[in-house]
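Listed here are the chains, written in short residue letters.
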Amino acid sequence: MKFSYSWLKELAKFKQGPQELANLIELHITEIESMSSGLYNYSGVVVAEILDIAAHPNADKLHLVTLDVGLGKRATVVCGAQNIEVGQKVPLALVGAILPGGELKPATIRGVESRGMICSGQELGIEEKSEGILVLPKTASVGRPVNEALDVSGDPILDLKILSNRPDYLSYVGMAREVAAVAGIKWSMPLDLNYKETGDASSKHISVEIKDEKLCPHYRAHFISNVEVKESPQWLKDKLLSSGIRPISNLVDISNLVMLETGQPVHIFDYAKVGGKKIVVRSAKSGEKILALDGVERELTSSILLIADAKDPIALAGIMGGELSAVTDLTHEIVVEVANFNQVTIRRGSKALGVSTDASLRFERGLTAYLAELGMRRTLNLIQQVLPKAVISKGDVSVGKSGLAVPTIECSTQGINELLGTKLTASQITSLLERLEFDVKSSGGKLIITPPPFRGDIKEMPDVAEEVLRLYGIDKVAEEMPVVAMLAPIANREVALADQLKDHLVRSGFTETPGHCFIGEEWANKLGLKVNDELKLFNPLNSSWTHLISNLWPNLIRFAPKFSEPVKIFEINSVFNPSGEVLPLEERSLSLFISGKNIDAYRQLRGVVEDLLSQVTGLKFVAVPGSAEDRYINVSRILAQDIALGSIEELSPRLATELDLPNGGVWAEINLSLLSGLSLDQQKFKPFSRFPASSFDLSVTLPLSVSAGLLVGDIKSSSPLVQEVIVFDVYQLARDKRSLGIRVVVQSNERTLTENEIRALESKLINLITTQHRGVIRGSGSE
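First, a word on scope: everything that follows refers to the structure included in this document. (Residues numbered from 1 in each chain as written. Predicted model: local features only at pLDDT ≥ 70, side-chain atom pairs only at ≥ 80, totals over all residues. Heavy atoms only, no water.)

**Quick look at the side chain of D168**
Working step 1: Take D168: it is sitting in the loop between β11 (157–160) and α3 (172–183).
Working step 2: For D168, the side chain forms a polar contact with the side chain of R166, separated by 2.7 Å. (Helix = DSSP H or I, 4+ residues; strand = E, 2+ residues; numbered from the N terminus. Polar contact = N/O pair within 3.5 Å; in protein donor to acceptor, adjacent residues only side chain to side chain.)

Rendered as structure tokens:
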């Protein structure tokens with residue numbers, strides 16, 4: 001939020017200069033995002049005096065205006081404004097001037113060249129709408145930059161970062177209170193809150209009903225008659241302009257000023273347009289519509305909170321008013337609204353509608369009911385100042401809880417000092433907190449603390465300690481090394497395993513992709529998947545991320561077309577599954593994808609998975625056939641220690657084409673949470689055998705229904721002499737059979753194997769293949 005230096009100084013009475021104030025705020029309050037010399041800095045716009053006004057030779061409604069621009073220079077421009085007079089001092093934008101609308105270029109208007117433009121307030125960006133040119137004070141110096149003639153020009157502006165838990169920082173009173181506290185200045189409410197009620201009771205004119213006090217804990221309305229909507233006085237305009245808000249009309253400007261001063265949004269209804277003379281705070285009905293003040297008609301859902309009259313909606317609660325109930329030049333009776341709305345409801349409503357306003361920005365941070373009364377009193381005071389003939393009715397129509405349950409926090413001086421690393425006394429802590437309007441009772445080192453009603457963020461002792469440290473100054477805390485027992489952190493097997501897998505995959509030529517944990521129904525349906533409603537997000541970031549994801553491969557496939565061929569990518573991230581509890585079960589998963597649409601791509605990825613598991617984890621990998629669908633072919637499940645860890649699947653040609661993957665692709669998914677929980681073999685050095693190895697080849701015919709992976713696993717486990725089993729050839733014989741070329745490497749660590757021992761082992765393996773796996777031996781040989 002942008003704060004005017006002079007306005008803050010007016011409220012807090014500090015003596016620091018702009019830079020000193022900025023340093024003070026940065027150290028004790030919040031970050032300074034930027035600091036400038038003024039909101040309105042115009043280049044090429046000067047103060048000029050009108051010397052002569054002549055008729056335009058080719059247009060009845062235009063004039064040729066001659067102006068003194070200083071240093072003995074004159075300029076003649078074409079002007080169509082009707083409020084120009086000789087002797088006026090006006091802002092003149094010369095050719096090349098930079099205005100809010102862009103750079104001013106030379107123009108020829110009805111055959112006459114105009115080398116400049118006399119500006120209105122609208123063209124300078126300081127008025128919403130202008131009827132004519134802006135007339136400057138007579139004291140303005142001709143030829144000087146127009147910034148000097150505008151009261152807001154040279155006032156330093158501080159743009160402060162607003163913390164999400166500090167809505168009081170979104171007000172001048174809140175920030176001035178903080179500045180006074182850190183500067184050690186005695187603080188009292190600087191706003192005039194007094195007014196006279198001369199009318200009858202507000203309750204005779206308007207009634208209020210809240211349908212759900214959880215959504216609107218407190219609502220106040222006040223009836224005022226005999227009002228006149230017109231332009232605001234200059235002092236009110238200047239206040240708004242110093243914070244970057246354009247003046248509109250007296251009533252709108254008053255509501256904006258109160259919001260800036262107190263942080264409490266205020267809305268004013270045209271009483272004649274409130275049907276049934278009743279205000280109802282309720283949730284919108286699905287399909288209900290409202291025309292908002294920005295001129296856009298919006299269709300609403302039941303999640304939106306409304307302000308309605310007896311029949312129709314008249315405002316979006318906490319977000320924006322309605323066009324049909326807005327005050328106009330014809331308004332003579334009004335209803336002033338201040339309220340306290342549920343911050344979550346306003347935040348969700350604002351996001352659902354795609355509308356963010358100054359009001360919603362404040363309500364989203366959580367305002368207290370204390371501000372509602374303060375905002376109403378200040379609004380009525382200003383209305384009486386600006387509109388002295390207005391008749392203010394007696395009493396607010398107040399519904400809901402007007403008080404605030406302020407917590408009482410018990411703590412000790414010792415506890416605060418231990419947390420902060422300070423050595424403050426109870427009296428020092430009390431003095432610091434009282435500067436922030438905390439009520440503190442101290443007795444024997446024990447502190448009973450009650451935060452002020454505008455500090456809804458203070459709930460426990462650490463919150464109090466933070467306030468003490470802010471005012472005391474973190475720069476005053478001595479630097480000391482903590483005295484703690486230094487324990488080695490507990491190793492996280494899952495994280496360590498993920499790092500090892502990443503390193504291995506990168507060495508194998510894979511690229512890691514940045515991913516997220518969301519999926520939308522449209523993409524899931526395209527892949528033939530069904531999203532689980534238990535994983536649906538209440539507040540999705542966009543329509544493509546509506547559910548938590550149960551597998552990573554759908555998003556990995558979405559990335560694949562962005563890579564050049566051949567594609568080899570992987571991702572390690574969180575996946576989610578329903579748990580039956582409030583939150584779903586979160587696990588870590590690894591997904592891999594390579595491009596290719598023949599059996600070689602499938603074998604390549606399967607080899608990568610097998611190598612990954614054996615080299616990194618020491619686990620023996622087994623792939624067994626799984627059930628295939630029309631969208632996926634060559635489906636295999638990944639097993640280790642008889643536990644299913646995931647699967648390998650190939651995209652069908654039809655689905656690959658739909659997904660813009662003309663070369664097809666194969667993906668694999670492995671549950672890392674399950675994998676890290678298995679008993680992993682320790683990778684230990686194994687001495688080489690001093691005796692020679694021998695090998696023999698087997699040509700085996702197998703039915704397609706028999707898993708080659710299980711066969712290889714059984715051969716490896718059949719004898720301790722079997723050191724390695726390699727499938728070096730696969731040949732499709734018939735529709736339901738295939739031929740495998742298998743090489744078996746045998747070796748002993750104790751002796752050189754004899755020919756008879758090798759032949760005996762070969763016979764044993766042939767028997768295993770033919771009896772347990774229904775294979776047929778087509779021939780054998782040894783070397």
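Moving on from the coordinates now.
**Some details on the packing of helix α1 (residues 5–12) against α3**
For any two helices packed against each other, one specifies the crossing angle of their axes together with the interaxial distance.
Working step 1: The interhelical angle for the contact between α1 and α3, taken along N-to-C directions, is 65°, at an axis separation of 9 Å. What the angle tells us is that α1 and α3 run roughly perpendicular. By crossing handedness, the relation of α1 to α3 is classed as right-handed. Residue-level inspection shows W7, L8, L11 and A12 of α1 in contact with α3, the latter providing Y172, V173, M175, A176 and A180.
Working step 2: Here the contact of α1 with α3 is composed, by residue class, of nine nonpolar, no polar and no charged. (Axes fitted to C-alpha atoms, helices over the stretch in contact; angles between N-to-C directions. Parallel < 35°, antiparallel > 145°, perpendicular 65-115°, else oblique. Left-handed = near helix turned anticlockwise from the far one by under 90°. Contact = heavy atoms within 4.5 Å. Nonpolar A, V, L, I, M, F, W, Y, C, P; charged D, E, K, R; others polar.)

**With respect to the packing of aromatic side chains**
Working step 1: Within this structure, the stated rule accounts for eight aromatic pairs.
Working step 2: Their ring planes at 65° and their centres at 5.0 Å tell us that F3 and Y172 sit as a pair that is edge-to-face. Of this pair, F3 sits in strand β1 (residues 2–4) while Y172 sits in helix α3, placing them 169 residues apart in sequence.
Working step 3: With a relative accessible area of 0%, F3 lands in the buried category.
Working step 4: A relative accessible area of 0% means that Y172 is categorised as buried.
Working step 5: Between F223 and Y271, the aromatic rings sit 4.7 Å apart at their centres with planes inclined by 65°, giving edge-to-face as the arrangement. With a gap of 48 residues between them, F223 in strand β13 (residues 218–225) and Y271 in the loop between β14 (267–270) and β15 (278–283) connect regions that are remote in the sequence.
Working step 6: Note on Y271: relative accessible area 9%, which makes it buried.
Working step 7: Through pairs of rings, three or more aromatic residues link up here, namely F3, W7 and Y172.
Working step 8: Sitting over the ring of Y271, K277 keeps its end group 4.4 Å from the ring centre. (Phe/Tyr/Trp six-rings, centres within 6.5 Å; stacked < 30°, edge-to-face > 60°. Buried < 20%, exposed > 50% of the residue type's maximum accessible area, 1.4 Å probe, protein only. Lys NZ or Arg CZ within 6 Å of the ring centre and 35° of its normal.)

**Description of the pairing of strand β18 (residues 305–308)**
Working step 1: Because side chains alternate across β18, one face comprises the buried residues L305 and I307, and the other comprises L306 and A308, equally buried.
Working step 2: Bridge count for β15 against β18 is four bridges, and the pairing is antiparallel. Bridge pairing in β18 links V281 to I307.
Working step 3: Relative to strand β19 (residues 313–316), β18 is paired through three bridges, and the arrangement is antiparallel. Residue pairing across strands places L306 opposite L316, the latter belonging to β19.
Working step 4: Here β18 folds back onto β19, and the loop between the two strands holds four residues. (Pairing = 2+ DSSP bridges.)

**Concerning the environment of L537**
Working step 1: Tracing the backbone through its elements, the reader meets L537 in the loop between α13 (521–526) and β29 (547–548).
Working step 2: In the structure, L537 is positioned ten residues away from H547 in sequence and 5.4 Å away in space, judged by C-alpha atoms.
Working step 3: In this structure, L537 is in contact with F518, W545, T546, H547 and L548, ignoring residues within four places of it in sequence.

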